[in-house]
Amino acid sequence: MSSPKQSVQDLQPIPQMDLSGQYAAIGAEIRDAVTSVLASQHFVLGKEGAALEQEIAQLCRVRHGIGVASGTDALILALRAVGVKAGDEVILPPFTFVATGSAVSALGARPKFADIDPATFNISAAQIEKRITPHTRAIVVVHLYGLAADMDSIREVAAKHRLPIVEDNAQAIGATYKGRSTGSLGDIACFSFYPTKNLGAYGDAGMITTDSPELDARLRTLRNHGQASRYNSVEPGWNSRLDEIQAAILRVKLRHLKEWERRRRAHAAQYARLLAGIAEVQPPQVPSTRQHVFHQYTIRAQRRDELQKFLSDRKIGNAVYYPVPLHLQPIYANEGCPAGSLPESEKAAAEVVSLPMFPELRVEQMERISSVIAEFYGK
Ligand SMILES: Cc1ncc(COP(=O)(O)O)c(C=O)c1O
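Source: prediction; values computed, not measured.

**Examining the pattern of salt bridges**
Here's step 1: This model, assessed by the stated rule, comprises 26 salt bridges.
Here's step 2: In this structure, Arg 218 engages Glu 235 in a salt bridge whose closest nitrogen and oxygen atoms are separated by 2.8 Å. Separated by 17 residues along the polypeptide, Arg 218 in helix α7 (residues 213-222) and Glu 235 in the loop between β11 (232-233) and α8 (244-254) bring together distant segments of the chain.
Here's step 3: A relative accessible area of 27% means that Arg 218 is categorised as partly exposed.

Right under this line is the structure:
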C-alpha cells in the first residue's frame, strides 16, 4: 500500500504487462525445447508444429488446428477459406484491434461495422442482423479481452441468413461459453500467439481451428503457396507457417496455461473486491454461463483520461484498448459510419482502461493500484 510519506521516486513501478516473471519460472524448459529444435535442424512444417496443432485442437475440442504465421494471417486465410472475395461484405465489431478489419480489407472485401453490447464489449447479435445485406458473406466475432461473445444469439442470426462465423479468438484462448471453448463456437476460429497474449510465442505466430475437413485441407494448401502437394499449386496462396521454434516454445507454455488462467481469474476476483466501493469505476461483467480468461482486466472509469494520468504519475502501468474504434480511423473514413453512428463502441473507447494483469501480479500490487484509484476519486 502506498503511504503518504512515500515519495513517487521510491515507488516500484507496476507494469501493465510483464513477461519477466514467467521467463524466470519456465526459462529452463523453454531453452531445452529450443535446443532440441536446433539439434533437429528442422525448422518449418515439422513435428513440433504438428503436435501443437493437435494440442490446440484438443484444447478447443475441434478436429483440426492449422498453424500459421500470425493472428492477422489466420484471419485473412480463414476469411478466404470461407469464401470471402473482393467486393463482399463482412460484418465485424468496430471495437477491436485494427487487424480484425484489415484482414477483411486485405481481401478487397468491405467491413460492415456492427455495434457492441455495452455489458460485455462484444458484438451484438441484434446489431449484426441490422447490417446484413445480400452482399454479406461472413460474420467475424471477436471475443474481446478474454470473454466470449453471446454465441447462441449470434449463431441463430448466422444460421437464419446462412452465413459463416469466423471467431477472432486472439484474446480468448481457454475461455468458455456454456461449457464450450472459444475456438469451437463458429465455423472457423483464429488465434494469435503474439508474445503478450495469454499463450504467447517469442515472436509472431498464429493458428486456425475448425471442425471441417474441407476447410482444414484448403487452409493447409493456402498457407503453403497454394500447394495441394509439393510442386502442385492449385490456387494462389501465401507463405504463412508457424515455425518449429515457436511451436516448441508454445508447447512448453501450453502446459502452464491452465494455471496461468487460474491466477488471472483470482486476480480479477481480487480487483473486483478491492474496487467494489468505488462507484466511479465499473469492473468487467461476466455472464454466469461464460468463463473469462482475463487477457485484459478492463474497467469503465469516469474521467478516464485523468485517471490514466494519475496512475501513470504514480508508476502504475495502464493502457486503453482501444481508444479509437475502427470506423473512426482514417482507413475506414469512407465506410459510411461517421462519429455517433456506433454509440456503444464510441462510449466504450472513451471510458475503458486496462489495469495491470498478468499471472505473476501480486496482491499487494493490486492493493496499491486500488488505493491509488480510490485516492483519485477522493475516497
Ligand atoms: C483481437 C485481435 N485480432 C487480431 C490480432 C492480430 O494478431 P497478430 O498480432 O498475431 O497478427 C490481435 C492481436 O494482435 C488481436 O488482439
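**Some details on the layout of surface pockets**
Here's step 1: By volume, the largest pocket amounts to about 480 Å³.
Here's step 2: Along its surface, the largest pocket is lined by 29 residues, and Phe 97, Ser 192, Tyr 194, Lys 197 and Tyr 322 are the ones closest to its centre.
Here's step 3: At the level of secondary structure, the elements contributing two or more residues to the lining of the largest pocket comprise α3 (71-81), α4 (98-106) and β8 (188-192).
Here's step 4: When the residues that make up the lining of the largest pocket are grouped by side-chain class, the tally is 14 nonpolar, 11 polar and 4 charged.

**Side note on the site of the ligand**
Here's step 1: The full set close to the ligand counts 15 residues, and Gly 71, Thr 72, Asp 168, Ser 192 and Lys 197 are the nearest of them.
Here's step 2: At a separation of 2.7 Å, a nitrogen atom of the ligand approaches a polar side-chain atom of Asp 168.
Here's step 3: Secondary-structure elements contributing two or more residues to the shell around the ligand are α3 and α4.
Here's step 4: Of all the elements, α3 adds the most residues to the shell around the ligand, at 3 residues.
Here's step 5: Within the shell around the ligand, the residues separate by chemical class into 6 nonpolar, 7 polar and 2 charged.

**Topic: unusual backbone geometry**
Here's step 1: Omega for the bond connecting Tyr 321 with Tyr 322 falls within 30 degrees of zero, at 10°, which places this linkage in the cis form.
Here's step 2: Its location among the elements puts Tyr 322 in the loop between α10 (304-313) and α11 (343-351).

**Some words on the sheet that holds strand β6 (residues 176-177)**
Here's step 1: Reading across from one edge, β7-β6-β13 is the order of the 3 strands in this open sheet, with antiparallel pairing throughout. Both edges of this open sheet fall to β7 (180-181) and β13 (290-291), since each of them pairs with a single strand only.

**Examining the sheet that holds strand β12 (residues 281-282)**
Here's step 1: Strand order in the open sheet formed by 3 strands is β12-β14-β15, and the pairing between neighbours is antiparallel. Two strands lie at the open edges of the sheet, namely β12 and β15 (352-355), each paired on one side alone.
Here's step 2: Examined bridge by bridge, β12 and strand β14 (residues 297-301) share 2 bridges and lie antiparallel to one another. Directly across from Val 281, in β14, lies its bridge partner Ala 301.
Here's step 3: Together, β14 and β15 form the strand contacts of α10, whose direction differs from that of β15 by roughly 25°.

**Remarks on the environment of Ile 373**
Here's step 1: For Ile 373, the position within the fold is in helix α12 (residues 363-376).
Here's step 2: When its relative accessible area of 0% is taken as the criterion, Ile 373 is described as buried.
Here's step 3: When the C-alpha atoms of Ile 373 and Asn 169 are compared, they prove to be 31 Å apart, with 204 residues separating the residues in sequence.

Analysis parameters
In every chain, residue numbers begin from 1 and rise along the written sequence. Where totals are concerned, whole chains, interfaces and linings use all residues; where local detail is concerned, this predicted model gives features only for residues with pLDDT of at least 70, and gives and counts side-chain atom pairs only at 80 or more. No hydrogens and no water enter the side-chain calculation; it runs on all heavy atoms of the structure. One side-chain nitrogen of Lys or Arg within 4 Å of one carboxyl oxygen of Asp or Glu is enough to make a salt bridge. By definition, any uninterrupted DSSP run of H or I lasting at least four residues is a helix, any uninterrupted run of E lasting at least two residues is a strand, and each is numbered from the N terminus. Think of it in three bands: residues with accessible area under 20% of the maximum for their type are buried, residues over 50% are exposed, and the middle band is partly exposed, with areas taken using a 1.4 Å probe on protein chains only. A pocket, in this scheme, is an open set of points on a 1 Å grid over the protein atoms alone with protein on both sides within 12 Å along at least 5 of 7 lines, while a cavity is a set where a 1.4 Å probe fits but cannot get out; residues line either one if an atom lies within 4 Å of a point. Grid points are joined across faces, edges and corners, and a volume is the space filled by probe spheres set on the points. Under this grouping Gly is polar, as are all residues other than the nonpolar Ala, Val, Leu, Ile, Met, Phe, Trp, Tyr, Cys and Pro and the charged Asp, Glu, Lys and Arg. Definition of nearness: a residue and a molecule or strand are near each other if at least one heavy atom of the residue lies within 4 Å of the molecule or strand. The term polar contact refers here to a pair of N or O atoms within 3.5 Å; inside protein, the definition further demands a hydrogen-donor-capable atom paired with an acceptor-capable atom, and it admits residues adjacent in sequence only when both atoms are side-chain atoms. For two strands to be treated as a pair, DSSP must find at least two bridges joining them. Throughout, a residue-residue contact means that at least one pair of heavy atoms, one from each residue, lies within 4.5 Å. To get an axis, fit a line to the C-alpha atoms, keeping to the stretch in contact for a helix; angles then go from 0 to 180 degrees between the N-to-C directions.

Honestly, it's all geometry; don't read function into it.
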